[in-house]
Amino acid sequence: SQKIEQNSEALNIQEGKTATLTCNYTNYSPAYLQWYRQDPGRGPVFLLLIRENEKEKRKERLKVTFDTTLKQSLFHITASQPADSATYLCALEILTGGGNKLTFGTGTQLKVEL
Amino acid sequence: GAVVSQHPSWVICKSGTSVKIECRSLDFQATTMFWYRQFPKQSLMLMATSNEGSKATYEQGVEKDKFLINHASLTLSTLTVTSAHPEDSSFYICSAQRLAPPYNEQFFGPGTRLTVL
């Protein structure tokens, strides 16, 4: 069966450290993998997209890696800040004829403490 | 940037009534919009894909007669929850896809919290 798994337990880290979140998937062949941030009671906000033929993508303090052999993506936030506290979702994008469908993981809650 | 709005942001209704939720792309045209549902502590689950001018495509297990979707224009899609019941209480989120080759990005609305009493 198809699965997208993220750390189900909350991740607590100290301010200034690097947070690393994991996304593993099975029985998917995504064209793209995306990471989103979601705050309580809000819709997801797009952070980064990485293509199947890319190994790594960076944007400011964010870095995403994508290993299609391991079927895994890692999401890093360097120099983390309390404002980074949120739930982070990975999503696989599957190309279809009528619009690209996104399938989301369950999300990992990150808490950055002072 | 591309902005997607939803209205209302929250709604409380009695069991058996119908509720309409609007999703608008404010500064771009969206040929495709998507509707998701999110239960507490769970991820977003795609309910249906809506293409302008045609019938929506529903995901397996989603009742098309209960969740009516209309995508009448390039900037507006509506989701109507008919004969709502308490188990339909959830957070409903839409997204709109902007055509910008080579990649057609999705932009998400802020969500609508539905509570059915």
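Residues numbered from 1 in each chain as written. Chains lettered and ligands numbered in written order. Predicted model: local features only at pLDDT ≥ 70, side-chain atom pairs only at ≥ 80, totals over all residues. Heavy atoms only, no water.

### Description of the pairing of strand β6 (residues 56–59) of chain A
So, point 1. Sheet topology note: the β6(A)/strand β7 (residues 62–67) of chain A ladder contains 4 bridges and is antiparallel. Paired with A:Glu56 across the two strands is A:Thr65, which belongs to β7(A). (Pairing = 2+ DSSP bridges. Helix = DSSP H or I, 4+ residues; strand = E, 2+ residues; numbered from the N terminus.)

### Regarding the sheet that holds strand β3 (residues 19–25) of chain B
What holds strands together in a sheet is hydrogen bonding between their backbones, with the strands either parallel or antiparallel.
All names here are of chain B.
So, point 1. Read across the open sheet, the 4 strands follow the order β1-β3-β8-β7; overall the sheet is antiparallel. Of all the strands in the sheet, the pair left with one neighbour each is β1 (4–7) and β7 (67–73). Recorded for the sheet is a direction-independent mean angle of 15° between the axes of neighbouring strands.
So, point 2. As paired elements, β7 and strand β8 (residues 76–81) share 5 bridges and run antiparallel to each other. Residue pairing for β8: Leu68 is matched across the bridge by Thr80. (Axes fitted to C-alpha atoms, helices over the stretch in contact; angles between N-to-C directions.)

### Topic: the state of the cysteines
Linking two cysteines covalently through their sulfur atoms gives a disulfide.
Residue and element names in this part refer to chain A.
So, point 1. Evaluation of the coordinates by the stated rule reveals 2 disulfides over all chains.
So, point 2. Between the sulfur atoms of Cys23 and its disulfide partner Cys90 the distance amounts to 2.0 Å. Disulfide Cys23-Cys90: torsion about the S-S bond near 60°, hence right-handed. Pair noted here: Cys23 is in strand β3 (residues 19–26) and Cys90 is in strand β9 (residues 86–94), with a separation of 67 residues, a long-range link. Like Cys90, Cys23 is buried. (Disulfide = S-S within 2.5 Å. Buried < 20%, exposed > 50% of the residue type's maximum accessible area, 1.4 Å probe, protein only.)

### Side note on the packing of aromatic side chains
So, point 1. Scanning all chains against the criterion turns up 11 aromatic pairs over all chains.
So, point 2. Consider the rings of A:Tyr25 and A:Phe66, whose centres lie 6.3 Å apart with planes at 55°: the pair is tilted. Of the two residues, A:Tyr25 sits in strand β3 while A:Phe66 sits in strand β7, which places them 41 residues apart along the sequence.
So, point 3. A relative accessible area of 4% places A:Tyr25 in the buried class.
So, point 4. Ring plane angle 40° and centroid distance 5.5 Å describe the contact between B:Tyr36 and B:Phe108, whose orientation is recorded as tilted. Here B:Tyr36 is found in strand β4 (residues 30–38), whereas its partner B:Phe108 is found in strand β10 (residues 106–108), with 72 residues between them in sequence. (Phe/Tyr/Trp six-rings, centres within 6.5 Å; stacked < 30°, edge-to-face > 60°.)

### Some points on the pattern of salt bridges
So, point 1. A full pass over the atoms with the stated rule returns 7 salt bridges over all chains.
So, point 2. A:Arg61 serves as the salt-bridge partner of A:Asp84, at 2.9 Å between the closest nitrogen and oxygen. A residue pair is termed long-range when its members are at least 10 positions apart, and A:Asp84 in the loop between β8 (72–77) and β9 and A:Arg61 in the loop between β6 and β7 qualify at 23 residues.
So, point 3. For A:Arg61, a relative accessible area of 26% gives the class partly exposed.
So, point 4. Of the charged contacts, one joins B:Glu59 and A:Lys101 as a salt bridge, the two residues approaching to 3.0 Å between their closest N and O atoms. Placement of B:Glu59 in the loop between β6 (57–58) and β7 and of A:Lys101 in strand β10 (residues 101–104) is noted, with the two residues assigned to different chains.
So, point 5. The class for A:Lys101 is partly exposed, based on a relative accessible area of 25%. (Salt bridge = Lys/Arg side-chain N within 4 Å of Asp/Glu carboxyl O.)

### Describing the nonpolar core
So, point 1. The biggest cluster of nonpolar side chains holds 26 residues, and the ones touching the most others in it are B:Val4, B:Phe28, B:Trp35, B:Phe67, B:Leu79, B:Tyr92 and B:Leu114.
So, point 2. Within the residue set of this core, elements represented by two or more residues are β2 (10–13), β3, β4, β5 (44–51), β7, β8, β9 (90–98) and β11 (112–116) of chain B.
So, point 3. Once you skip the residues sitting within four places of it in the chain, B:Leu114 turns out to touch B:Val11, B:Cys13, B:Val19, B:Val81, B:Asp88, B:Ser89, B:Ser90 and B:Tyr92.
So, point 4. Formed by 23 residues, the second largest nonpolar core is a distinct cluster that contains A:Leu21, A:Leu47, A:Tyr88 and A:Cys90. (Core = buried A, V, L, I, M, F, W, Y, C linked by side-chain atoms within 4.5 Å. Contact = heavy atoms within 4.5 Å.)

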